Amino acid sequence: MKKILEHQVGETVDLYLLIKQSTKGVTMQGSPFMTLILQDKSGDIEAKLWDTTEEHEKMYAASSIVKVGGEVHDYRGKNQLRIKSIRPIKENEGVSIADLVPSASKSKEVLFEELTQYFFEMKNPAIQRITRHLLKKHQSAFMTYPAATRNHHDYVSGLIDHVVSMLKLGKALADLYPSLNKDLLYAGIILHDIGKVVELSGPVGTQYTVEGNLLGHISIMVNEISKAADELEISGEEVMLLQHMVLSHHGKEEWGSPKRPMLKEAEMLHYIDNIDAKMNMLDRALSKAAPGEFTERIFPLDNRSFYKPTI
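Residues numbered from 1 in each chain as written. Predicted model: local features only at pLDDT ≥ 70, side-chain atom pairs only at ≥ 80, totals over all residues. Heavy atoms only, no water.

Caption draft 1: Representation of the packing of aromatic side chains within the structure. Using the criterion set out here, one finds 3 aromatic pairs in the structure. Ring centres 5.2 Å apart and planes at 55° place the aromatic pair Phe-294 and Tyr-307 in the tilted group. Remark: Tyr-307 occurs in the segment after helix H11 (264–287) and Phe-294 occurs in the segment after H11; sequence separation between them is 13 residues. The cationic tip of Lys-67 hangs over the ring face of Tyr-16; the distance from NZ or CZ to the ring centre is 4.9 Å. (Phe/Tyr/Trp six-rings, centres within 6.5 Å; stacked < 30°, edge-to-face > 60°. Helix = DSSP H or I, 4+ residues; strand = E, 2+ residues; numbered from the N terminus. Lys NZ or Arg CZ within 6 Å of the ring centre and 35° of its normal.)

Caption draft 2: Molecular detail of the packing of helix H6 (residues 182–191) against H11. At a closest axis distance of 9 Å, the pairing of H6 and H11 adopts a crossing angle of 40°. When the interaxial angle is binned, H6 and H11 end up oblique. Handedness of the H6/H11 crossing: right-handed. Contacts between H6 and H11 involve Leu-184, Leu-185, Gly-188 and Ile-189 from the former and Glu-265, Met-268, Leu-269 and Ile-272 from the latter. Of the residues contributing to the contact of H6 with H11, the split by class is 6 nonpolar, 1 polar and 1 charged. (Axes fitted to C-alpha atoms, helices over the stretch in contact; angles between N-to-C directions. Parallel < 35°, antiparallel > 145°, perpendicular 65-115°, else oblique. Left-handed = near helix turned anticlockwise from the far one by under 90°. Contact = heavy atoms within 4.5 Å. Nonpolar A, V, L, I, M, F, W, Y, C, P; charged D, E, K, R; others polar.)

Caption draft 3: Main features of the environment of Gly-25. Tracing the sequence through the fold places Gly-25 in strand E1 (residues 12–26). A sequence separation of 27 residues divides Gly-25 from Thr-52, and the C-alpha atoms of the two residues are 9.5 Å apart. What Gly-25 contacts, discounting residues up to four positions off in sequence, is Ser-31, Pro-32 and Phe-33.

Caption draft 4: View of empty space enclosed by the protein. This model, assessed by the stated rule, comprises 1 cavity of 30 Å³ or more. A volume near 70 Å³ is recorded for the largest cavity. Every residue lining the largest cavity is listed: Lys-20, Gln-39, Val-101, Pro-102, Pro-146, Asp-154, Tyr-155, Val-156, Pro-203, Val-204, Gly-205 and Thr-206. Looking at side-chain class alone, the lining of the largest cavity contains 7 nonpolar, 3 polar and 2 charged residues. (1 Å grid on protein atoms, 1.4 Å probe; cavity = no way out; pocket = protein on both sides within 12 Å on 5 of 7 lines; lining within 4 Å. Points joined across faces, edges and corners; volume = space filled by probe spheres on them.)

Caption draft 5: The arrangement of the sheet that holds strand E3 (residues 43–50) in detail. Ordered by their spatial adjacency, 5 strands build a closed barrel running E1-E2-E3-E5-E4, and the pairing between neighbours is mixed. Between one strand axis and the next, the sheet turns by 50° as a mean value, whatever way the strands run. Note: E1 against strand E4 (residues 65–75), 7 bridges, orientation antiparallel. In the sheet register, Tyr-16 faces E4, and the bridge partner there is Lys-67. (Pairing = 2+ DSSP bridges.)

Caption draft 6: Structural context of the pattern of salt bridges. In this structure the tally under the stated criterion is 24 salt bridges. Residues Glu-11 and Lys-2 are paired through a salt bridge, measuring 2.9 Å at the closest nitrogen-oxygen approach. (Salt bridge = Lys/Arg side-chain N within 4 Å of Asp/Glu carboxyl O.)

Caption draft 7: Region of the structure containing the nonpolar core. In this structure, Leu-115, Ile-130, Ile-190 and Ile-225 are the most contacted members of the largest nonpolar core, which totals 52 residues. Only helix H2 (108–116), helix H3 (125–137), helix H5 (158–176), H6, helix H9 (216–232), helix H10 (237–247) and H11 provide two or more residues apiece to this core. Excluding residues within four positions of it along the chain, Ile-190 makes contact with Leu-115, Phe-119, Met-122, Thr-131, Leu-135, Phe-142, Val-163 and Leu-167. Counting 19 residues, the second largest nonpolar core, distinct from the first, contains Leu-17, Ile-19, Ala-47 and Leu-81. (Core = buried A, V, L, I, M, F, W, Y, C linked by side-chain atoms within 4.5 Å. Buried < 20%, exposed > 50% of the residue type's maximum accessible area, 1.4 Å probe, protein only.)

This is the structure:
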């Protein structure tokens, strides 16, 4: 049976899908509706549910599995599912969340083994100890959480997948530019998004937590680095430098960065993070397009469409 993202515009859909996100809204005319992000292992698609009630909000909450009938259509350059029928699954239908949740192509154990190899290249004991301490503290969640609720690496083990990919990019840059401090660069890559295990609710039906909304993963991680240094009785410039790596990794204030990069390694961390996130978005969008066609519009990439060459 075809997965949701294998359906083209105009094709009918009759599938079991997981509600990844569920948000309510009101039309210009004052009618309530819901926006559902529906997913299976191939990825997700947006759908609208019109004239909704409080009962619908409970019935179609995030993390619920539903049987959906409808049709894929194009809405402003992006595929959307037009729902014609929807209902919660029944107990005897034998569909589980594990059947519908996308995950990293490599197992979390393999990814973690790849990550730990980078510690052997670290020379600074303070940086290495703080990084190991925080990784161990959050290891279980770090290995299963997504890197985001949407857009990039938003699947089970997406966070560690993102970090390992970034480490490989970081190593290539450090080999090309030996003046880069590998300790700072690798530690910054490993630590920059660990705060997301507090900011986000988990690998399924991912939403922002109260701490995530009020503090954000950057502030959370800066505090975590300070706590780790106190617990390990480490002081010195290394603590401040690691905090700066995390504080500045979004690059600009308007992109959510409390500080702009003021270390060479912090500047590179920002580029590496951006490259890996953008490549993940591009690969996903291009995987849905046929050769000789354009992708759907990618909102984080200035709402552009990309061409898939025939060569």
